[in-house]
Amino acid sequence: MSVDLEASLARPISLAEMVTAARATLAELLGLDTTPELSVFTDRRYEQGRRVASGRRLDEAELRSTTIGDPIEREPNGMPGSIHLEIDVSGFADGAWLLVIDHETETGGVPEAVFSPYRTCVSVVVALAMALAVADLTGGEFTDDQIRLLRPGHTHPRHMVTATRLPRESGDFAQRCERYLRQFAHLGGWPRDVAMERRA
């Protein structure tokens, strides 16, 4: 089951703006006052599903100066240009991959941010918050064609937030992520795991 959550980038934004907006959206979805920090990594490498290079965490200055949504130069093989990043959730081993791809030269469209979470409640809700935040912040479109939390799959980001957010309560972040996803009975209890094992 593919679980990509997508946002079209109607205008460029900095990674710092993305992270700040994602944490605010996450807090709103879960009815919490505070949420874990989100860290952005570049240059991670995987072989046969195992991480073989831990990559480099972008610092605050890099987050402010790095934008997504600008045109991306095409690959040497003629494929659309893309940027690959990874998002870590502080205090957890959870996260999401971020692929920013520029289809503009092929379709006349705008660049797109595709968030692919690890298969846990925490990761899926974080990826959802990031996609919603990017779409809302840039005036783009949020697309959920694969998980289909709400139907149809194309949903206005603010509608998605207001229609699905939990009431404001205190509580454990991971438990709130699980409660958020369990409201969608058609998911059948997916994902089964609430969170990956916490990092030491």
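Please refer to the structure higher up on the page.
Before going into details, it helps to say that this report is about the structure given with it.

Basis of the calculations
- Residues numbered from 1 in each chain as written.
- Predicted model: local features only at pLDDT ≥ 70, side-chain atom pairs only at ≥ 80, totals over all residues.
- Heavy atoms only, no water.
- Phe/Tyr/Trp six-rings, centres within 6.5 Å; stacked < 30°, edge-to-face > 60°.
- Helix = DSSP H or I, 4+ residues; strand = E, 2+ residues; numbered from the N terminus.
- Buried < 20%, exposed > 50% of the residue type's maximum accessible area, 1.4 Å probe, protein only.
- Pairing = 2+ DSSP bridges.
- Axes fitted to C-alpha atoms, helices over the stretch in contact; angles between N-to-C directions.
- Contact = heavy atoms within 4.5 Å.
- Nonpolar A, V, L, I, M, F, W, Y, C, P; charged D, E, K, R; others polar.
- Disulfide = S-S within 2.5 Å.
- Expected span 1.5 Å × (residues − 1).
- Arc of directions from axis to C-beta.

## What about the packing of aromatic side chains?
Stage number 1. Counted under the stated rule, the structure contains three aromatic pairs.
Stage number 2. Centre to centre, the rings of Trp-97 and Tyr-118 are 4.8 Å apart; their planes meet at 55°, and the pair counts as tilted. On the criterion of sequence distance, the pair formed by Trp-97 in strand β9 (residues 95-101) and Tyr-118 in the loop between β10 (112-117) and α4 (121-138) is long-range, its members being 21 residues apart.
Stage number 3. Judged by its relative accessible area of 34%, Trp-97 is partly exposed.
Stage number 4. For Tyr-118, a relative accessible area of 10% translates into the label buried.

## Some details on the pairing of strand β5 (residues 50-53)
Stage number 1. The pairing of strand β4 (residues 45-47) with β5 spans three bridges and is classified as antiparallel. Note that in β5 the partner of Arg-45 across the bridge is Ala-53.
Stage number 2. Once β4 ends, the chain turns through two residues before running back antiparallel as β5, passing Gln-48 with a positive phi of about 50°.

## A few points about the packing of helix α1 (residues 15-30) against helix α5 (residues 157-164)
For any two helices packed against each other, one specifies the inter-axial angle together with the distance between the axes.
Stage number 1. Where α1 meets α5, the closest approach of the two axes is 8 Å, and the angle between their N-to-C directions is 35°. Counted together, Thr-25, Glu-28 and Leu-29 of α1 and Arg-158, Val-161 and Thr-164 of α5 form the full contact between these two elements.
Stage number 2. Considered class by class, the residues forming the contact of α1 with α5 number two nonpolar, two polar and two charged.

## Considerations on the state of the cysteines
Stage number 1. As enumerated under the stated definition, the model contains zero disulfides in all.
Stage number 2. Its sulfur unpaired, Cys-121 is 7.5 Å from the next cysteine sulfur, which belongs to Cys-177.
Stage number 3. Cys-121 gets classed as buried once you look at its relative accessible area, which sits at 0%.
Stage number 4. You can call Cys-177 buried: its relative accessible area is 0%.

## Overview of α4
Stage number 1. Here α4 spans 26 Å end to end across 18 residues, near enough to the 26 Å set by a 1.5 Å rise per residue.
Stage number 2. Along α4, 16 of the 18 residues are buried, which leaves the element largely enclosed by surrounding structure.
Stage number 3. Phi turns positive, to about 75°, at Gly-139, one or two residues after α4.

## Concerning α5
Stage number 1. Along α5, the residues that are buried comprise Pro-157, Met-160, Val-161 and Thr-164. With its buried residues spanning 95° around the axis, α5 presents them on a single face.

In short, geometric facts, not functional conclusions.
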